[in-house]
Amino acid sequence: MFHMLSVGFASVFTDPTCITMIFVGVMVGIVFGALPGLTTVAGLSMFLPVTYVMSSHVGLAMLTAIYIGGISGGLISAILLNMPGTPASIATTFDGAPMARNGEAGKALGIAVFASLIGTMLGVAVMIFAAPMLAILTLKFGPWEYFSVTFFALTLIASLTEKSVVKGLLSAMFGMMIATVGLSPTDGTPRFTFGSLQLSSGFHLLVVLVGLYAIREVLLAASAKEQEVKVLEYKMKGLGFGLRDLKGNWFNLLRSSLLGLGIGILPGIGGSTSNIIAYSMAKNASKHPEKYGTGIPDGIIASESSNNASIGGAMIPLLTLGIPGDGATAILLGGFMLHGMQPGPLLFQQNGPVVYSVFAAMVLGTIFMAILMWSGMRMFVKILKVPNHILIPLIVVLCSIGAYALSNRVFDMWGLLLFGFIGLMMQRFGIPAPPFILGFILEGSLELNLRRGLEYSNGNWLDVFTHPISATFLALTLGSLIMTIVNNHRAAKKKLAQGVEN
Amino acid sequence: MSSDSKKEIGVGVFFFIFAIAYMVGASKISTFTPFGNRGLDSRSVPELLGILTIILSMTYMGQVWLKERKLKKILKESGADSAQAGDQKETTATPESKGTIVSRINSVMPVKLILSLIYLAVYTALYQPLGFILSSIFFLIAESFLLVNKDERKKWILFIVLFSVGVSIFIYFIFTKYLTLVLPSGILG
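For clarity, every value in this text was computed on a predicted model and none was experimentally measured.

**Quick look at the overall build of chain A**
Right, so step 1: For chain A, the count of helices and strands is 19 helices and two strands.
Right, so step 2: Since a compact globule built from 502 residues should have a radius of gyration of about 23 Å, the 22 Å found for chain A is in line with a globular shape.
Right, so step 3: Taken over the C-alpha atoms alone, chain A extends approximately 70 × 60 × 50 Å along its principal axes.
Right, so step 4: Across the 502 residues in chain A, those meeting the buried criterion constitute 63%.
Right, so step 5: A sequence separation of at least 24 residues applies to 78% of the contacts in chain A between residues at least 6 apart.

Put into structure tokens, the structure is as follows:
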């Protein structure tokens, strides 16, 4: 492993194009993260077509760099505008904005960048060591194990993302149904193609993703009223903070990072959830919870270290199982596929050098992120002032190129529009998008492995329970579903009781 | 029934109808089992998905209905005054939950949204016949003009036109010459 890792580092550090692209990627990511209303996913979608022609390690390095920059960039607007740039930095506004209003914006920014740096580093380090080991384990997976893990991931995300488990599951089903359009796995029968040649290849993953996330996001931002951006004044000398500002916060930093890492590993939820949980956890564990929300470093550290640690976490199931941890990693999955690689157990064996160079790129990207944020803050703040009416149309044009260039057909652009519309409707009716995406991505492997498993066992369904790993995951699935339903029921009862009292 | 519940029932109805249509489509999938059917054929999984969705959508509608009934019962018991208070509470509690962007959207009529969708459709339709450069110029100008604040239109118009033309040509050459992608050249050939 160490040999591979050193080869990976060597391939990145000796390639000036790669270093430049990582630098550009981080910068783009920070900009997208900082702009309220546009998230990392829009940045990734926009720059996908640029990576089509790059060699795989450069293209993927750039995409992961955008991811790292994007999660970190959100802190700028969270602190200076009191508006989270991405959902991953919602909790940063709780203490970051008050601190900035108290005239300590530079310190807030400095601490937030530091927490992001440590969080990302920790997450990436764990990923580098854990992913290859897990890959060895998943290599032993047969069809039943695969089926159960996929099934577990799907139900978990459905129950985690929405208050109503049924609604989450419906969303996942919807995604799976859309995924069945095209040729079926194993025997290639056309399904739901209505005789159309275009539909026989199904909807491309990137069309669905970019439509559902980026186009929806952009359309929503378009319909939001354009606001005059008022950026708070700030001064930042050096790193912006001193060591004594971190006093008593080292454990908080570690705990929040580990929490973010753990949440990142779970399918479908990442930085956008972990920052809020880490914040409330830090508050509960604190000796002075009443100070939270008034502008103390503790809150910023909890939020920013946890959301950044989720990056490494989300990459683990992506690389070892092909199951993306959040929206951004889903696009990365598409990026891997475009470069002819299938994330999953075989990835480390078949494309080891590329994977390790992606690891190296993430380390370098993290360092670039901190340097850029500390030294180039003034520039990013200026970009916050770029008006939406210039930016949004441009993003749409670039996303369209991405869709068109997939196979040089306008059909995929129509797909973009269709899924953008579906995304809007889902948002309007409160149907969560992550289960849909995961359902869409996983349907193929779920069906393939179910059919294979049944073929091996001569049609015996009970065979799935005789494999220890698959039986465990099925038990976990049942357990998590029951737990969510019981918890929801309790919460509803409590709410109802409170309503009566009031 | 409150408008929230109606919306939720609508979600259930949509999935129910979609699943029925899907099942009809699934029944037309041809199957191929030359060695006897030992497991599943290409029709089985879609059918399974359809059935599960029907069950889930019915469960969801049932849940919403039960919740609504419970709420009504409680409101009846606790009298009209608190009912009003409860109603108020419900309405104030929902819109804020999704953060600033969504609440901002709710405050404006989504005319811009509908127009954006139409522009995007026209852009897609003209992409091939007009070519990338011309269709993009039109789209960029139209969309930017739509999004800019009304009172600032005059100030921005020159910049928008120049920017749209410049960027479209720039992107076309970067992508086709340096990034070797193929983009439709259209009537400019």
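**A word on helix α18 (residues 433-456) of chain A**
All names here are of chain A.
Right, so step 1: Between its first and last C-alpha, α18 extends 35 Å over 24 residues, near the 34 Å set by a 1.5 Å rise per residue.
Right, so step 2: Most of α18 sits inside the fold, with 19 of its 24 residues counted as buried.
Right, so step 3: Just downstream of α18, N458 is the residue with a positive phi angle, here 55°.

**Structural notes on the packing of helix α7 (residues 165-179) of chain A against α18 of chain A**
Residues and elements named next belong to chain A.
Right, so step 1: The N-to-C vectors of α7 and α18 enclose an angle of 45°; their axes lie 7 Å apart at closest approach. If you check the angle between α7 and α18, you find them oblique. Crossing geometry of α7 relative to α18 is assigned as right-handed. Of the residues in α18, those touching α7 at G168, S171, A172, M173, F174, G175, M176, I178 and A179 are P435, F436, I437, L438, G439, F440, E443 and G444.
Right, so step 2: Across the contact of α7 with α18, the residue classes tally to eleven nonpolar, five polar and one charged.

**Here we look at the interface of chain B and chain A**
Right, so step 1: Contact with chain B, which involves 57 residues of that partner, is made by 54 residues of chain A.
Right, so step 2: Sorting the residues of the side of chain B that touches chain A by element identifies α1 (3-27), α2 (44-77), α4 (100-107), α5 (111-130), α6 (132-147) and α7 (153-178) of chain B as the ones contributing at least two each.
Right, so step 3: Residue contributions to the side of chain B that touches chain A peak at eleven residues, all from α2 of chain B.
Right, so step 4: Considered class by class, the residues forming the side of chain B that touches chain A number 34 nonpolar, 18 polar and five charged.

Conventions we followed
Numbering of residues starts from 1 in each chain and follows the order in which that chain's sequence is written. Labels follow written order: the first chain is A, the first ligand is 1, and so on. The predicted nature of this model means local features are confined to residues of pLDDT at least 70 and side-chain atom pairs, given and counted, to a pLDDT of 80 or more, with totals for whole chains, interfaces and linings taken over all residues. Starting at the N terminus, helices and strands are each numbered in turn, a helix being any DSSP run of H or I of at least four residues and a strand any DSSP run of E of at least two. Values of the radius of gyration come from C-alpha atoms, whereas the globule rule sets the reference at 2.2 Å times the count of residues to the power 0.38. Our exposure labels follow a C-beta count within 10 Å of each residue's own C-beta, placed from the backbone: buried means 20 or more other C-beta atoms, exposed means 12 or fewer, and partly exposed covers the counts in between. In this description, a residue-residue contact is defined by the distance between C-beta atoms placed from the backbone, which must lie within 7 Å. An expected span of 1.5 Å times one less than the residue number is assigned to each helix. Think of each axis as a best-fit line through the C-alpha atoms, taken over the contacting stretch in the case of a helix, with angles from 0 to 180 degrees between the N-to-C directions. Angles are sorted into four bins: roughly parallel if under 35 degrees, roughly antiparallel if over 145, roughly perpendicular if 65 to 115, and oblique for all others. Two helices that cross are described as forming a left-handed crossing if the nearer one is turned anticlockwise from the farther one by less than a right angle, and a right-handed crossing if clockwise. Lys, Arg, Asp and Glu make up the charged group, whereas Ala, Val, Leu, Ile, Met, Phe, Trp, Tyr, Cys and Pro make up the nonpolar group; the residues left over, Gly among them, are polar.

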